[in-house]
Amino acid sequence: MVDDVRAVYDGFGHRAGPSASPAEMSPPGGAFLALYDEDGEAIAGGGIKRLDARTAEIKRMYVVPERRGQGLARALLLALEDAARGLGYERVRLDTGPKQPYARALYLSAGYSELPDYNGNPYASFWGEKTL
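So, here is what we can say about the structure in this document. What you see is a predicted model; the values in this text were computed from it and never measured.

### Some points on the packing of aromatic side chains
What the rule picks out here adds up to one aromatic pair. Here the basic side chain of R93 rests over the ring of Y118, its NZ or CZ set 5.1 Å away from the ring centre.

### Describing helix α2 (residues 72-86)
For α2, with 15 residues, the first-to-last C-alpha span of 21 Å sits near the 21 Å given by 1.5 Å per residue. Buried within α2 are the following residues: L72, L76, L77, L80, E81, A83 and A84. Structurally, α2 contributes buried residues whose contacts are with β1 (31-36), β2 (42-52), β3 (55-63), β4 (91-96), α3 (101-109) and β6 (126-131).

### Brief notes about the nonpolar core
Counting residues in hydrophobic clusters, the biggest one holds 25 residues, and the most contacted among them are I48, I58, M61, L77, L94, Y107 and Y112. Among the secondary structure elements, those contributing two or more residues to this core are β2, β3, α2, β4 and α3. When residues of this core are assigned to their parent elements, the largest contribution, six residues, is made by α2. Once residues within four sequence positions are removed from consideration, L94 is found in contact with I58, L77, Y107, Y112, Y118, F126, W127 and G128.

About the cut-offs
- Residues numbered from 1 in each chain as written.
- Predicted model: local features only at pLDDT ≥ 70, side-chain atom pairs only at ≥ 80, totals over all residues.
- Heavy atoms only, no water.
- Phe/Tyr/Trp six-rings, centres within 6.5 Å; stacked < 30°, edge-to-face > 60°.
- Lys NZ or Arg CZ within 6 Å of the ring centre and 35° of its normal.
- Helix = DSSP H or I, 4+ residues; strand = E, 2+ residues; numbered from the N terminus.
- Expected span 1.5 Å × (residues − 1).
- Buried < 20%, exposed > 50% of the residue type's maximum accessible area, 1.4 Å probe, protein only.
- Contact = heavy atoms within 4.5 Å.
- Core = buried A, V, L, I, M, F, W, Y, C linked by side-chain atoms within 4.5 Å.

Functional significance is not addressed by these values, which are geometric in nature.
Spelled out as C-alpha cells, the structure:
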C-alpha cells in the first residue's frame, strides 16, 4: 500500500500526517481487517482507530490494483463500519486525497457527509463522517 500511495503522492510517509500505527488499529479501541482470495493471498485491508469514545477513524483502506473494480472496497468499508459498531462507536470518519477520486465517490455513495479537516492530513482533500 505504501509503495502505491508513494507513487501517487510524492513524499508520502516523509511529512507529518495522522498516525495509523498497529497499536492504534488493535484492540481494545481499534481493529484491522484483511480480505483474502481463494489462495490465501491478501487482496484488501484497512483499519479503524479510536478518535474519542464515540468516534472511530477508518485508516489505510487498500485494494491491490489487480482486484479493483470488483466491489472489494465497498465490502471492506462495510466490514470496517461493522467492526467500529461492534467496538461501540457511534460514528466513523475518514479522509482521502485529491488523486483518489474513486475513493471519494465510494465514500459519498456509502453515506459519508463531507466535513472540515479534522485531522490535519497534508495529503487529504476530502474528510467525511457517517453515523453508524
